[in-house]
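# Structural overview for review
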Amino acid sequence: MPLKIELKPNERLILGNALITNDHERTRLFIDGNVPILREKYVLTEDQADTPCKRVYFVLQKMYLSSDPKILHPEYFSYVNDLLTAAPSFTSEIDLINNDILGGDYYGALKKMMVVIDKEAEILKNA
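Residues numbered from 1 in each chain as written. Predicted model: local features only at pLDDT ≥ 70, side-chain atom pairs only at ≥ 80, totals over all residues. Heavy atoms only, no water.

Attention shifts here to the packing of aromatic side chains. Taken as a whole, this structure holds two aromatic pairs when the rule is applied. Taking 5.5 Å as the distance between ring centres and 45 degrees as the angle between the ring planes, the aromatic pair formed by Tyr-64 and Tyr-107 counts as tilted. With a gap of 43 residues between them, Tyr-64 in helix 1 (residues 52-65) and Tyr-107 in helix 4 (residues 106-126) connect regions that are remote in the sequence. Tyr-107 sits in the partly exposed class, given a relative accessible area of 35%. Ring plane angle 75 degrees and centroid distance 4.8 Å describe the contact between Tyr-76 and Phe-77, whose orientation is recorded as edge-to-face. Residue class for Tyr-76 comes out buried when judged on its relative accessible area of 0%. (Phe/Tyr/Trp six-rings, centres within 6.5 Å; stacked < 30°, edge-to-face > 60°. Helix = DSSP H or I, 4+ residues; strand = E, 2+ residues; numbered from the N terminus. Buried < 20%, exposed > 50% of the residue type's maximum accessible area, 1.4 Å probe, protein only.)

One way to put it is that helix 2 (residues 73-86) packs onto helix 3 (residues 91-102) with a least axis distance of 11 Å and a crossing angle of 170 degrees. Taken as axis vectors, helix 2 and helix 3 run roughly antiparallel relative to one another. Contacts between helix 2 and helix 3 involve His-73, Tyr-76, Phe-77, Val-80, Leu-83 and Leu-84 from the first element and Thr-91, Ile-94, Ile-97, Asn-98 and Ile-101 from the second. Considering only residue class, the contact of helix 2 with helix 3 consists of eight nonpolar, three polar and no charged. (Axes fitted to C-alpha atoms, helices over the stretch in contact; angles between N-to-C directions. Parallel < 35°, antiparallel > 145°, perpendicular 65-115°, else oblique. Contact = heavy atoms within 4.5 Å. Nonpolar A, V, L, I, M, F, W, Y, C, P; charged D, E, K, R; others polar.)

A separate point is the pattern of salt bridges. For the coordinates displayed, the defined rule picks out nine salt bridges. The closest approach of N and O atoms between Arg-12 and Glu-40, which form a salt bridge, is 3.4 Å. Taken as a pair, Arg-12 in strand 2 (residues 12-15) and Glu-40 in the loop between strand 5 (37-39) and helix 1 lie far apart in primary sequence, 28 residues in all. For Lys-112, the salt bridge identified is with Asp-100, shortest N-O distance 2.8 Å. Residue Lys-112 is found in helix 4, and its partner Asp-100 is found in helix 3; the two are separated by twelve residues along the sequence. Since its relative accessible area comes to 33%, Lys-112 is described here as partly exposed. Each member of the salt-bridge network shares a partner with another, and the members are Glu-6, Arg-26 and Arg-28. (Salt bridge = Lys/Arg side-chain N within 4 Å of Asp/Glu carboxyl O.)

Let us look at the sheet that holds strand 2. The three strands lie next to each other as 3-2-5, forming an open sheet whose pairing is antiparallel. Because the sheet does not close on itself, it has two edges, and the strands there are strand 3 (18-21) and strand 5. The mean angle between the axes of side-by-side strands here comes to 20 degrees, regardless of whether they run parallel or antiparallel. (Pairing = 2+ DSSP bridges.)

The subject of this paragraph is the confidence of the model for the protein chain. Looking at the protein chain, pLDDT values average 94 and 100% of them are 70 or higher. Mean pLDDT across the elements of the protein chain ranges from a minimum in strand 3, with 92, to a maximum in helix 1, with 97. (pLDDT = per-residue confidence, 0-100.)

To continue, consider the pairing of strand 3. Across four bridges, the pairing between strand 2 and strand 3 is antiparallel. Bridging from a neighbouring strand, Ile-14 pairs with Leu-19 of strand 3. The antiparallel pairing of strand 2 with strand 3 creates a hairpin that spans two residues between the two strands, and Gly-16 there sits at a positive phi of about 65 degrees.

This part takes up helix 3. The end-to-end C-alpha distance of helix 3, which contains twelve residues, comes to 16 Å, matching closely the 16 Å that a straight helix rising 1.5 Å per residue would cover. Taken together, the buried positions of helix 3 are Glu-93, Ile-94, Ile-97, Asn-98, Asp-100 and Ile-101. In an axial view of helix 3, the angular spread of the buried residues amounts to 155 degrees, which keeps them on one side of the axis. For helix 3, the exposed residues set more than 90 degrees away from the buried face come down to Asn-99 and Leu-102. Turning to helix 3, the residues buried within the fold contact helix 1, helix 2 and helix 4. Count one or two residues on from helix 3 and you reach Gly-104, which has phi positive near 80 degrees. (Expected span 1.5 Å × (residues − 1). Arc of directions from axis to C-beta.)

Structure representation (structure tokens):
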């Protein structure tokens, strides 16, 4: 069964290595195959990766979109080490994300990291 994605006017989507920009009308796409897909609202740019959790997310995003994500593991684990040094309370969440990575589920890792980013934002807001 194909994945159905509806794009809003001017919404962007990363499909594999391609950036797709919708025209001025709503569009419905049906995608068959095994290719990484990220909607614009889930894309984080390097400039936006301005907290420890967002830096981890940015590397996870690169891993998800990469044809060889394992070459990014050293960068990922470096950022995870920085994050856990600053906030050891995230250890259980990071352990689950690491399990996803070791199992090759980079999209699952991204989804879990979004929750950690929300927790980080709450902590920073209350600090």
